[in-house]
Amino acid sequence: MMSQFLLQKRAHLDIWFVQKMSQTAYELPKAPEAEVYSPSQVQTLLQQGHPLRRLMGLRMLHIGNRYFVNGESLLSDHADAWNVLARHRTIEGPMLIKFINEADFLAELTLIINKGYWYF
C-alpha cells in the first residue's frame with residue numbers, strides 16, 4: 001500500500017523532499033544590516049559591479065522550474081539565473097547580466113535579498 005501511495009503521490013514527495021533538504025538544520029547567521037531594496041536598486045547595484053553574497057549556510061535546491069531557498073518555494077522561469085545563484089557564493093554583476101532586465105526575475109531576487117538570504 002505504501003509503495004502504491006508513493007507512486008501516486010510522487011510529485012508531492014519530490015517537492016516535500018527538496019523542501020526539507022533545502023532547509024538548514026540550524027539557525028542561519030544574520031546578514032549584515034541592510035536597507036530594504038527595490039528591484040531598480042538591485043538592478044543598479046548589479047550593473048555597477050557590486051558583488052552579491054550568499055548567506056553562509058544557506059541551502060538552495062531545485063526540481064524542474066521550482067526552486068527552494070531555505071525551504072521556501074520559488075516558482076520561476078529563469079532557471080539559468082537561479083542556477084548561477086545556487087552554484088556560487090559570490091555573484092558579480094556580469095554573471096547575471098542577461099537577466100537583470102527581466103522584471104519578474106528582479107522582483108524574485110529582490111524578495112530573497114530583502115529576506116537576508118543574499119546581501120550586497
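In case you missed it, the structure is sitting above this.
Report follows, based on the coordinates. (Residues numbered from 1 in each chain as written. Predicted model: local features only at pLDDT ≥ 70, side-chain atom pairs only at ≥ 80, totals over all residues. Heavy atoms only, no water.)

### Section: the sheet that holds strand 3 (residues 66-69)
Part 1 of the argument: What the three strands build is an open sheet, ordered 2-3-4; its pairing is antiparallel. Lying at the two open borders of the sheet, with one neighbouring strand each, are strand 2 (60-63) and strand 4 (72-75). Ignoring which end each strand starts from, the neighbouring axes of this sheet average 25° apart.
Part 2 of the argument: Alignment of strand 3 against strand 4, held across four bridges, turns out to be antiparallel. Each residue of the ladder has a partner; that of Arg-66, found in strand 4, is Leu-75.
Part 3 of the argument: Seen against the sheet, helix 4 (residues 79-87) touches strand 2, strand 3 and strand 4 and runs at an angle of roughly 150° to strand 2. (Pairing = 2+ DSSP bridges. Helix = DSSP H or I, 4+ residues; strand = E, 2+ residues; numbered from the N terminus. Axes fitted to C-alpha atoms, helices over the stretch in contact; angles between N-to-C directions. Contact = heavy atoms within 4.5 Å.)

### Some remarks on the packing of aromatic side chains
Part 1 of the argument: According to the stated counting rule, one finds four aromatic pairs in the structure shown.
Part 2 of the argument: Relative to Phe-120, the ring of Tyr-37 has its centre 5.5 Å away and its plane inclined at 70°; by these criteria the two rings are edge-to-face. Of this pair, Tyr-37 sits in the loop between helix 2 (10-22) and helix 3 (39-47) while Phe-120 is found in the segment after strand 6 (118-119), placing the two residues 83 residues apart along the sequence.
Part 3 of the argument: Assessed through its relative accessible area of 24%, Phe-120 is described here as partly exposed.
Part 4 of the argument: Relative to Phe-105, the ring of Trp-82 lies with its centre 5.3 Å away and its plane at 70°, an arrangement referred to as edge-to-face. On the criterion of sequence distance, the pair formed by Trp-82 in helix 4 and Phe-105 in helix 5 (residues 103-114) is long-range, its members being 23 residues apart. An identical accessibility class is assigned to Trp-82 and Phe-105; each is buried. (Phe/Tyr/Trp six-rings, centres within 6.5 Å; stacked < 30°, edge-to-face > 60°. Buried < 20%, exposed > 50% of the residue type's maximum accessible area, 1.4 Å probe, protein only.)

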